[in-house]
Amino acid sequence: MRFDFVYNSKNHSPKGGAWRGLYLSLVALLASCTKTAPDTFSHESVQQAAQRYYTYFVNGDAKQFVEGMADSQTFPEDYTRQMQDVIAQAAKELARKGEVVRVEALSDSLYAADSTAYVFLDLVFADSVHEQVGVPMVFQKSKWRVK
C-alpha cells in the first residue's frame, strides 16, 4: 500500500473536533445504509470507491479500510491486525494536521491493460486548507480495492 501526498498548502496545527467525528460517522452511516450497485471498470466507480475507502481512513475506521485493500481476503489474521494497527496510527498522524471535513475525488487515470487506476483526492480541512493525495487502486473480482 502506498499513498503519495501530492500537495500540502500549509502546515496544520492540531485541532479537536467533535464535529469531525459526527460528520464522518454520518457519512460512513449513510454509505453503509444505501444499497450500492456492483463496481464497474469506470471513472465514476473507481472515484467513488477511493473516496469511500479514504473516508474510512480519515475516520480512523482501520478495519473497513483494510477490508478494502487488494487481496485482503487472503491476509493471515495476524497480518490483518498488524495492517489495522498501521492504518489506525497513520489516521492519527493525519488528524494531527487538523480536522478533515470532506474527501472529494478530483480525477483519475484508468489503465485497462492491468485493471488499475490512480485516483486523486482532495482532503478539505476545517480551516479550509486543501491537501491532495493520490490513491492507487486495482479492479479485483468485480470490485475496486486499494492497491
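This text gives an overview of the structure that appears in the document. (Residues numbered from 1 in each chain as written. Predicted model: local features only at pLDDT ≥ 70, side-chain atom pairs only at ≥ 80, totals over all residues. Heavy atoms only, no water.)

Bringing unusual backbone geometry into the picture now. The residue S115 is not glycine, and still its phi comes out positive at about 55 degrees. Within the fold, S115 resides in the loop between β2 (100-111) and β3 (116-125). Since its relative accessible area comes to 25%, S115 is described here as partly exposed. Not every positive phi belongs to a glycine, and S128 is a case in point at roughly 70 degrees. Examined against the element boundaries, S128 turns out to sit in the loop between β3 and β4 (130-140). (Helix = DSSP H or I, 4+ residues; strand = E, 2+ residues; numbered from the N terminus. Buried < 20%, exposed > 50% of the residue type's maximum accessible area, 1.4 Å probe, protein only.)

In the structure shown here, the tally under the stated rule is eight aromatic pairs. Feature note: the residues F41, F139 and W144 constitute an aromatic cluster, connected by ring pairs. Over the aromatic face of Y53 sits the side chain of R52, whose NZ or CZ is 5.0 Å from the ring centroid. (Phe/Tyr/Trp six-rings, centres within 6.5 Å; stacked < 30°, edge-to-face > 60°. Lys NZ or Arg CZ within 6 Å of the ring centre and 35° of its normal.)

In terms of nonpolar packing, the biggest core is built from 31 residues, with Y54, F57, F65, L121, L123 and M137 touching the most fellow members. Contributing elements (two or more residues each) for this core: α2 (43-58), α3 (62-67), α4 (77-97), β2, β3, β4 and β5 (143-146). The greatest single-element share of this core, amounting to eight residues, is contributed by α2. (Core = buried A, V, L, I, M, F, W, Y, C linked by side-chain atoms within 4.5 Å.)

The final tally for this structure, using the stated rule, is six salt bridges. In this structure, the salt-bridge partner of R96 is E93, at a minimum N-O distance of 3.4 Å. Remark: E93 and R96 occur in helix α4; sequence separation between them is three residues, near one turn of the helix. Taking relative accessible area as the criterion, R96 reaches 52% and is therefore assigned exposed. Several salt bridges converge on common partners, so that one network encompasses E77, D78 and R81. (Salt bridge = Lys/Arg side-chain N within 4 Å of Asp/Glu carboxyl O.)

In this section: the environment of Q140. Inspection of the secondary structure assignment puts Q140 in strand β4. Distance in space between the C-alpha atoms of Q140 and D71 is 8.2 Å, their sequence separation being 69 residues. In contact with Q140, not counting residues within four places along its chain, are A70, D71 and R145. (Contact = heavy atoms within 4.5 Å.)

Its place among the elements puts S72 in the loop between α3 and α4. Accessibility expressed as a relative area gives 12% for S72, which makes it buried. Those residues within four positions of S72 in sequence are excluded, and the remaining contacts are V66, E67 and R145.

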